[in-house]
Amino acid sequence: MPPPSDLDRLLRPRPVPGLLAAAERHLRVGAPADLADAVTRSHLDDGRCVGWYGPPTPGWRVAIDAERANAAVPPALARRFGVQDFWARWTRAECCCKLTDVPVAAWWRRHGLGTPADGSAVWRTLTMADLVVTVGFAPAPALAPALPPRHQDLREAAAGR
């Protein structure tokens, strides 16, 4: 059963559905040095890198994660999470971790390799050549409120100085 995102979320905000629908056009695979200007990147175990080159999405964070589709699933992870559709589930969980700044071990305890149904992130998982890639978006955190001025500044402002 597919996850609750992948372009079909009707009730959640969607950054730019066109970006997810055309994600292949905004992804590049190459050497890390060649993709240094990417908006965000994911490094592969074979030395390659996948970079996101989509246009800016104000108010949204973007993350990607990529893995080799034919890579062996580490035995400990296979025992814990199973091998069925492993790399797709893995890349989605990794994207969610990146978008929420949650360490993967904490994510595993909370969600396993699943994604929370009540989250505001949207994503698309796709296969590109020999890779499984997930592109995810989530609303950017609100800016922290400005610190209140020092008391002296308040007194001076009240006195008209």
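Everything discussed here concerns the structure shown above.
Residues numbered from 1 in each chain as written. Predicted model: local features only at pLDDT ≥ 70, side-chain atom pairs only at ≥ 80, totals over all residues. Heavy atoms only, no water.

Colleague: Looking at this model, I keep getting lost on the packing of aromatic side chains. Mind explaining?
Modeller: Each aromatic ring pair is described using two quantities: the centre-to-centre distance and the angle formed by the ring planes. Tallied over the full model, the rule gives six aromatic pairs. Both rings, one in Trp90 and one in Trp108, keep their centres 5.9 Å apart while their planes meet at 55°; by these two values the pair is tilted. Taken as a pair, Trp90 in helix H4 (residues 86–100) and Trp108 in helix H5 (residues 104–111) lie far apart in primary sequence, 18 residues in all. Residue Trp90 is classed as buried on the basis of its relative accessible area of 11%. Among the aromatic residues, those joined into a cluster by ring pairs are Phe81, Phe86, Trp87, Trp90 and Trp108. (Phe/Tyr/Trp six-rings, centres within 6.5 Å; stacked < 30°, edge-to-face > 60°. Helix = DSSP H or I, 4+ residues; strand = E, 2+ residues; numbered from the N terminus. Buried < 20%, exposed > 50% of the residue type's maximum accessible area, 1.4 Å probe, protein only.)

Colleague: Explanation requested: the environment of Ala31 in the structure shown.
Modeller: Structurally, Ala31 can be placed in the loop between strand E1 (27–30) and strand E2 (40–43). Spatially, the C-alpha atoms of Ala31 and Val50 are 8.4 Å apart, while their sequence positions differ by 19 residues.

Colleague: Before we go on, may I ask you to explain unusual backbone geometry in this structure?
Modeller: It is generally the case that most residues other than glycine have a negative phi and that most peptide bonds are trans. Residue Asp85 is not a glycine yet carries a positive backbone phi of 55°. Its place among the elements puts Asp85 in the loop between helix H3 (75–81) and H4. Residue Ala129 is not a glycine yet carries a positive backbone phi of 55°. Within the secondary structure layout, Ala129 lies in the loop between strand E5 (122–128) and strand E6 (131–139). Residue classification places Ala129 among the exposed positions, given a relative accessible area of 78%.

Colleague: Would you mind going over the nonpolar core with me for this structure?
Modeller: Proteins that are soluble and globular tend to have nonpolar side chains buried together. Leu27, Val50, Trp52, Ile64, Val133, Val135 and Phe137 are the most contacted members of the largest nonpolar core, which totals 18 residues. Listed by contribution, the elements that provide at least two residues to this core are helix H1 (17–21), strand E3 (49–52), strand E4 (60–68), E5 and E6. Residue contacts for Val50: discarding those within four places in its chain leaves Leu27, Arg28, Val29, Leu35, Thr40, Arg41, Ser42, Leu44, Ile64, Ala66 and Leu131. Residues Ala71, Phe86, Trp87 and Trp107 belong to the second largest nonpolar core, which totals 16 residues. (Core = buried A, V, L, I, M, F, W, Y, C linked by side-chain atoms within 4.5 Å. Contact = heavy atoms within 4.5 Å.)

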